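If you want the building blocks of each chain, they are given just below.
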Amino acid sequence: MEQSGRSFYLLLICAGLFVANGNKRSNAVKIAVGFLLGDLWAFIALWLMESLQFDPNVELYCTLFIMGGIAVLIGETFPKYIFTPSWLCGWAIGLTILGPVAAGEIGTLPLQIGAAMLAGVFYVGIGVDVFQKFLVRRLTTNKKQKQERKISEWSH
């Protein structure tokens, strides 16, 4: 899949987690921090798995078990700053996209993933929420005005 297609799905996933959290703009920064930590976590996990010289299945299990545990412990220790579900989701996204790429060929891909995650939370998540509320307010106001006009016409 080409990069723009991956970015589009990534935006939707990140925005979806924001929406699933109740569209709480007050949590947007800690959701974004979680996604960025997940992106970093994926890079570190892949680097570790490529560096270790054990059976690949053992490397995978140990890396995911230990790093997953550390992520949960850190995230739940600092819930004011980190939304743990977005950390784990970001980690899964990062592993999925970066997994097939050799560590030496990753280049700026983690930065691109991080930028797409931020766009998903702030541009799509918050942006669509603001636009939706604007439309609902606009449509509701128009509907009320029409009803008020009808009532005033009937009374005359």
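Residues numbered from 1 in each chain as written. Predicted model: local features only at pLDDT ≥ 70, side-chain atom pairs only at ≥ 80, totals over all residues. Heavy atoms only, no water.

### Some details on helix H4 (residues 84-98)
Point 1. Its 15 residues place the ends of H4 21 Å apart at the C-alpha level, agreeing with the 21 Å of an ideal helix rising 1.5 Å per residue.
Point 2. Every buried residue of H4 is listed here: Thr84, Ser86, Trp87, Cys89, Gly90, Trp91, Ile93, Gly94, Ile97 and Leu98. (Helix = DSSP H or I, 4+ residues; strand = E, 2+ residues; numbered from the N terminus. Expected span 1.5 Å × (residues − 1). Buried < 20%, exposed > 50% of the residue type's maximum accessible area, 1.4 Å probe, protein only.)

### Points about the environment of Phe35
Point 1. If you trace the backbone, Phe35 turns up in helix H2 (residues 28-51).
Point 2. On the basis of relative accessibility, which here comes to 1%, the residue Phe35 falls in the buried class.
Point 3. Put simply, Phe35 and Ile93 are 58 residues apart on the chain and 9.0 Å apart in space, counted from C-alpha to C-alpha.
Point 4. Once residues lying within four places of it in the same chain are set aside, the contact partners of Phe35 are Cys14, Leu17, Ser86, Trp87, Cys89, Gly90, Ile93, Met117 and Val121. (Contact = heavy atoms within 4.5 Å.)

### Observations regarding the side chain of Thr63
Point 1. Looking at the secondary structure, you find Thr63 in helix H3 (residues 56-77).
Point 2. Filtering out sequence-adjacent residues up to four positions away, Thr63 remains in contact with Ala45, Met49, Leu52, Gly68 and Trp91.

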